[in-house]
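# Reading the structure
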Amino acid sequence: MQNLVRRSLLIQLLSVYLSFVIVVLLGGVLVDNVVEQRLRSDVQAADRALAQEIALRTRLQVSRPEQALVELGKLVGQQDANSQALEGMFQIFKATHSDVDQVFWLDPVGGVRVVWPAGKVGLGAEFSPPGVVQRALRATGPVLEVGIATATATRNAGVIIAEPVRNPDGSLKGILASSVSLVELSLPLQTVVQAQQQDGRHLMISVIDENGRLIATPDDQRILQTVLDELPGAEQALKGATSSRTGPGNDGQSWLFSAVPVPDVSWAVVVQRPAYEALAVVGEFRLWLLAAALLFALGGLLFWLLLLRRVIRPLHTLALQHQTLPTAERSLSRDRTVLAGREDEVGYLARSLISLEQDGLKKLAELQTLLETSNAVVRSLEPHTVVKKIIHEVRRLVDVQGAAILLPDEKEVLHVLVSEGHSEHYDTALALSPDKVSSAAVLALREGRPVQKLLGPDEASFSYDDGFRAVLAIPIISRHVGGVVLLVHRLEPHPFGQNEIDLLLTFANYATLAWEHAVLYERSDVRLQEVARENELLYRQASEEKQKLEAIMGSMSDGLLLTGSGGQILYANQAVGKITDLSLASLEQRPIEVLYTALARVALDGSNCQRLEQLARSDEAGETTVEIRRNQQRRFLHLRLFEVGDHAGQPVGRGLLMRDVTRERDLDEFKTTLLSAVGHELRTPLAVIKGHASTLLQEDVTWSPADQRHSLQMISAEADRVARLISNLLDLSRQEAGLLLLKSEAVNILDMTTRLVEQASRPGVHIRVEVPPDLPLVYADQARIEVVLHNLLSNAVVYGEGEVRVRARSEQGQVIVSVWDNGPGIDPDELPHIFERFYRARRGQHKHAGGTGLGLAICKAFIDAHRGHLWVENGVEEGITISFSLPLNVENSPVKPEGQALLIQEGKN
């Protein structure tokens, strides 16, 4: 829609006109609303004022007989209440108050004793309505009630006023009552309504009591009818509040209701009038507004039709005729001819477009010729061919009879390079030195602008000798290959026009490019071939060097990572991915912070990674070691950051060398721990051996054979302990080196278990053996398996709580042996480490301070050598179970049944 508005002038004008009309109509609607609200407010204010005046007059009509009745009551209270005296007073009272219908004297129980005018009611009858009597008995002043006094013969509705009359002692003497006719109250209302009707206005005035009944109305027939629902706002007026409302009337149309309360009584006055009558001015204004809208619509339609016929359609016709490039074959259409004959602006525009079209056709023809000549010139890259094309196309482009290209030599002397239309003498003898300023060619090349001359007999010129009388020199100047001059000659002595000069200048620009490209191509062709050969040689050498360098860096076991000056990773070898578990695709062309973040996630201590990042930001060389956890194992990475410079020594980036030093750290730790453990374990038995040997060697003491035997047994036992320690260390070293020797034989697990249980038995420890007698034999190194089972039993006896259970079973081609104790168990986080060398669980350190932590490591080494498996499990409720498995299949067993020794090499376990 927006594009359509932008493309159509008619829609734009129509949109502006509609916008103006809409603004005017909206302003009219706004004024209409303001006038309606103001007029409604004024009418309602006038109606409220009228209602208040009527309320005051109604109250005054009731208050006069009310005050008179009070005065009459005072007079009656001072005299004897006999009938004759009362009738006389009532007669006088009725004569002076014509608005009073009747006067009554009631006894204290409401019986009628005296009435005036007499004869309309029977004496002794009960006064009605009885409610006014009951209220008067309790009141101290006059009370009012609207109703029909049934004691009267006329039964006219009225306002009944009752005044209690009391004796001087305060006792009730009687009740004085009077009735004011409601018809009398309605007379002022009828007067006002009739006056309005004479002015052609409709007005309705209603006075209602607290029960919503009509007590005064121009329509006497509706007196005492309940009309509270018919008068909006009356209920608020009965509560003492002024109200103005709009609601439906009895005729179904909208009426304006204004309600005010009557002072001192619970009555209300409601003035109502038709809304259409009160707002007649608004209706007239709306008619004028509608007429204005129709006028605008008709005027807009006429304006649109006139605009469409006289302006838009001619412009559309012109636009269609000139929306494409003109051609020479297209003639003027009849529509354009008619439009061009108009004397207004549209005719002027049509004539201008026709003239522009004719000029465009001429220019297009010239440009087409120029384009064809330029394309013909730039097709070749050979200089001599290019200048020939230039000469040929120039003669086709303009009306000349001769053309030549002059090229300066080393001394800036111009010679003919190529010419057409000249004599051979002209081509060979022409030589224009730079100091010959009278020559058009020299002057054009010096000043860089076209120069033309008319040739005469007084000037020696080769061109004049060839019969030419006009010459035009156009410089073709190239910044890279120098300049040449284009000379065109004409036989007639007529100067070249500006249009011809401009056309040749435009062509000269194309010719300059063609000449420059051809010369540069000729000059650079040989050089490019030499450079190509040199580049090919350099590329081959660089490629070989790059392959060698990539092969060297790729075969490195250490990780090598190179970054640019901006911290971008340029290269990472395969070792980086193996060390960090990151793919090379996730590292290359990424910031170095990616590697630091990955290391920080798995580092056990992030301070080293932070130090490495600080070194990277400070552009300093340095190194650090980072401890990480990968695949539930600790690894140590040694990181060294160094500068990378070019051949001139300028820094071009940085390098990061990563080396996994876990094995070196483990070896150092192993050596340290081994020395500490061996030193600690050897110190105690050597001290015992030394002590007993020194005791036996004392000459001043004679030892009994029993004491000597005890000392020798202690020396032998401690020596065996040292031998076992050395044997375990040797076996552990052989297993790590892959040189552990195993001797095969058939092993009975039940016999071996029974024998080792007897050796491990201690007082207070109950060991139960659950090994089936039909358990198959296994082919293994019995000595090594005994060491395994002995170590497991020893641990169970030492760390248990007095109960040990040994079980064995055959399952899936292997024998599984389990040793259970009821000790405190091992924490789950320690389970993966208990088979490590020199590792001692916390329960072992708590119950048994001795030991090297090599027992379970030796057990695992022996079981692994047998291609078995060793594992540990915490009990469901208490204790731990350590189990190992041995294969039953002789073919798959590393220990052959023939009994020969077998060497277990590393990597072939």
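Structural notes, computed from the coordinates. (Residues numbered from 1 in each chain as written. Predicted model: local features only at pLDDT ≥ 70, side-chain atom pairs only at ≥ 80, totals over all residues. Heavy atoms only, no water.)

Our next topic: the nonpolar core. The nonpolar side chains of a soluble globular protein tend to be buried with one another. In terms of nonpolar packing, the biggest core is built from 47 residues, with I749, L789, L793, V804, V819 and F884 touching the most fellow members. Residue contributions to this core peak at seven residues, all from helix α22 (residues 782-799). In this view, L789 contacts M752, T753, L756, V817, V819 and F884; residues no more than four positions away in its chain are not counted. If you look at the next biggest cluster of nonpolar residues, it comprises 42 residues, including L176, L182, I205 and A216. (Core = buried A, V, L, I, M, F, W, Y, C linked by side-chain atoms within 4.5 Å. Buried < 20%, exposed > 50% of the residue type's maximum accessible area, 1.4 Å probe, protein only. Helix = DSSP H or I, 4+ residues; strand = E, 2+ residues; numbered from the N terminus. Contact = heavy atoms within 4.5 Å.)

On the basis of which strands lie adjacent, the open sheet formed by five strands has the order β7-β6-β10-β9-β8 and antiparallel pairing. What marks the edges here is a single partner per strand, and that holds for β7 (214-216) and β8 (243-248). Between one strand and the next, the sheet's axes are offset by a mean angle of 35°, whatever the strand orientation. Sheet topology places strand β9 (residues 254-262) next to strand β10 (residues 267-274); eight bridges connect them, and they run antiparallel. The residue bridging A259 from the neighbouring strand is V270, located in β10. Set on the sheet, helix α5 (residues 182-198) makes contact with β6 (204-208), β7 and β10; between it and β7 the angle comes to about 75°. (Pairing = 2+ DSSP bridges. Axes fitted to C-alpha atoms, helices over the stretch in contact; angles between N-to-C directions.)

Scanning the model with the defined rule gives 19 salt bridges in all. For the salt bridge of R222 with E230, the shortest nitrogen-to-oxygen distance reads 2.9 Å. On the basis of relative accessibility, which here comes to 22%, the residue R222 falls in the partly exposed class. Overall, the relative accessible area of 34% leaves E230 in the partly exposed class. One network of salt bridges, with partners in common, ties together R768, E770, E803, R805 and R807. (Salt bridge = Lys/Arg side-chain N within 4 Å of Asp/Glu carboxyl O.)

It is worth spelling out the packing of aromatic side chains at this point. One pass over the full model with this rule turns up zero aromatic pairs. Here the guanidinium or amino end of R490 rests over the ring plane of F496, the centre of that ring lying 4.2 Å away. (Phe/Tyr/Trp six-rings, centres within 6.5 Å; stacked < 30°, edge-to-face > 60°. Lys NZ or Arg CZ within 6 Å of the ring centre and 35° of its normal.)

As a further point, take the packing of helix α21 (residues 749-760) against α22. At a minimum axis distance of 10 Å, the contact between α21 and α22 shows a crossing angle of 45°. The orientation of α21 with respect to α22, classified from their angle, is oblique. The chirality of how α21 crosses α22 is right-handed. Taking contact as the criterion, the partners of M752, T753, R755, L756, V757 and A760 in α21 are, on α22, Q782, I785, E786, L789, H790, L793 and V797. Here the residues of the contact of α21 with α22 sort into eight nonpolar, three polar and two charged. (Parallel < 35°, antiparallel > 145°, perpendicular 65-115°, else oblique. Left-handed = near helix turned anticlockwise from the far one by under 90°. Nonpolar A, V, L, I, M, F, W, Y, C, P; charged D, E, K, R; others polar.)

With that out of the way, let us pick up the packing of α22 against helix α24 (residues 855-865). One can describe the packing of α22 onto α24 by two numbers: an axis separation of 9 Å at closest approach and a directional angle of 145°. The way α22 lies across α24 gives a crossing that is left-handed. Contact residues: R784, I785, V787, V788, N791, L792 and N795 in α22; G855, L856, I858, C859, F862 and I863 in α24.

What follows covers the pairing of strand β18 (residues 569-572). As paired elements, strand β17 (residues 559-564) and β18 share three bridges and run antiparallel to each other. Counted as the bridge partner of T563 is I569 from β18. The hairpin turn running from β17 into β18, its antiparallel successor, is four residues long, and G567 in that turn takes a positive phi close to 85°.

Pairing is mixed in the open sheet, where five strands are placed in the order β24-β26-β27-β29-β28. Every other strand in the sheet has two partners, leaving β24 (766-770) and β28 (869-874) as the edge strands with one partner each. Each adjacent strand pair in this sheet contributes to an overall mean axis angle of 15°, direction not counted. Against the sheet, α22 touches β24, β26 (803-811), β27 (814-821) and β29 (880-887), its axis set at about 20° to β27. Across the sheet, α24 is in contact with β28 and β29; its angle to β28 comes to roughly 135°.

With that settled, the discussion passes to a nonpolar patch on the surface. Side chains of L14, L18, I22 and L26 sit close together on the surface and give an oily, nonpolar patch of about 350 Å² of accessible area. On the secondary structure map, L14 appears in helix α2 (residues 9-78). (Patch = residues over 30% accessible without salt bridge, like charges linked within 9 Å, V, L, I, M, F, W, Y side chains within 5 Å. Areas by Shrake-Rupley, 256 points an atom, 1.4 Å probe, with all protein chains shown as cover.)

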